[in-house]
Amino acid sequence: MDTSRTSWIPIALAAVVLAACGPRIEVVRMDPMEFSAQRTADGVRVDLLDPQVLFLEGSTAFEERRYEDAIRKFGLILRHFGDSRFGKAALYNRGLALLAAPRPADAAADFSTFVSRYPTDPDAADAWQRLGQAASEAGEWERARQGREGERRAVRVLGVTR
């Protein structure tokens, strides 16, 4: 049997096995995190601020009707991670929590910010409607009218069905 034609097979097989077992580099994109350190009577307290964790905690607080906790959690996202992927939803959800608190004037401010920053977002029509509701509850009649008009305009422009 002539082995000269097949003598390369064990070498190639070894090269393939070694290449497959070599080190791999996997890039994992993570949201930014911040650490906060404060001196206390007991020493130093370090808190980790993670936007995903804050968003889940804020959402849970809202579902459990702990609106002030939800407002605080969504506010931390806006303060520290406003440009993250959670920023837009945190702004809208804080508005909902403020409306439920009830703090309608503050809610109207959040919804007003939302529609000015994200006028073509699919949630813009809802934000206009919530702005009108919050302004009405706060006794801001002109702003309530503008919210209703903004909702009608957004529904027409965005093609949102109601």
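Residues numbered from 1 in each chain as written. Predicted model: local features only at pLDDT ≥ 70, side-chain atom pairs only at ≥ 80, totals over all residues. Heavy atoms only, no water.

Engineer: I'd love a proper account of the overall build of the protein, names of residues and values included.
Structural biologist: The helix and strand inventory of the protein stands at seven helices and two strands. Going from the N terminus to the C terminus, the protein shows its helices and strands as α-β-β-α-α-α-α-α-α. By residue count, 31% of the 162 residues in the protein fall in the buried class. Contacts in the protein between residues at least 24 apart in sequence constitute 44% of all its contacts with a sequence separation of at least 6. (Helix = DSSP H or I, 4+ residues; strand = E, 2+ residues; numbered from the N terminus. Buried < 20%, exposed > 50% of the residue type's maximum accessible area, 1.4 Å probe, protein only. Contact = heavy atoms within 4.5 Å.)

Engineer: Can you tell me about helix α4 (residues 87-100), naming the residues and giving the values?
Structural biologist: Compared with the 20 Å implied by 1.5 Å per residue over 14 residues, the 20 Å span of α4 between its first and last C-alpha is a close match. With respect to burial, α4 is a largely interior element, 10 of its 14 residues being buried. G87, A90, L91, Y92, N93, G95, L96, A97, L98 and L99 are the residues of α4 that are buried. (Expected span 1.5 Å × (residues − 1).)

Engineer: Can you tell me about the packing of aromatic side chains, naming the residues and giving the values?
Structural biologist: On inspection of all chains with the given rule, the structure shows six aromatic pairs. Ring geometry for F55 and F86: centres 5.5 Å apart, planes at 40°, overall tilted. Taken together, the residues F55 in helix α2 (residues 51-63) and F86 in the loop between α3 (67-81) and α4 connect sequence positions 31 residues apart. Judged by relative accessible area, F55 falls into the buried class, the value being 16%. Taking the centre distance of 5.5 Å and the plane angle of 65° together, the rings of Y92 and F114 count as edge-to-face. With Y92 in helix α4 and F114 in helix α5 (residues 104-117), this residue pair connects regions lying 22 residues apart in the sequence. The class of Y92 is buried, set by a relative accessible area of 12%. Taken together, Y92, F111, F114 and Y118 form an aromatic cluster joined through their ring pairs. Lying over the aromatic face of W128, R153 brings its terminal NZ or CZ to 5.6 Å of the ring centre. (Phe/Tyr/Trp six-rings, centres within 6.5 Å; stacked < 30°, edge-to-face > 60°. Lys NZ or Arg CZ within 6 Å of the ring centre and 35° of its normal.)

Engineer: Provide a residue-level description of helix α6 (residues 124-137), including the pertinent values.
Structural biologist: Here α6 contains 14 residues, and its C-alpha end-to-end distance of 20 Å stays within 8% of the 20 Å for a straight helix at 1.5 Å per residue. Inspection of α6 places A124, A125, A127, W128, L131, G132, A134 and A135 among the buried residues, and these make up the whole buried set. In the core, the buried residues of α6 are packed alongside α4, α5 and α7 (141-158). Positive backbone phi, at 80°, marks G139, one or two positions downstream of α6.

Engineer: Tell me about the side chain of S84, and name the residues and values.
Structural biologist: Topologically, S84 is positioned in the loop between α3 and α4. When its relative accessible area of 16% is taken as the criterion, S84 is described as buried. Polar contacts involving the side chain of S84 include one to the main-chain carbonyl oxygen of F81, which spans 2.9 Å. (Polar contact = N/O pair within 3.5 Å; in protein donor to acceptor, adjacent residues only side chain to side chain.)

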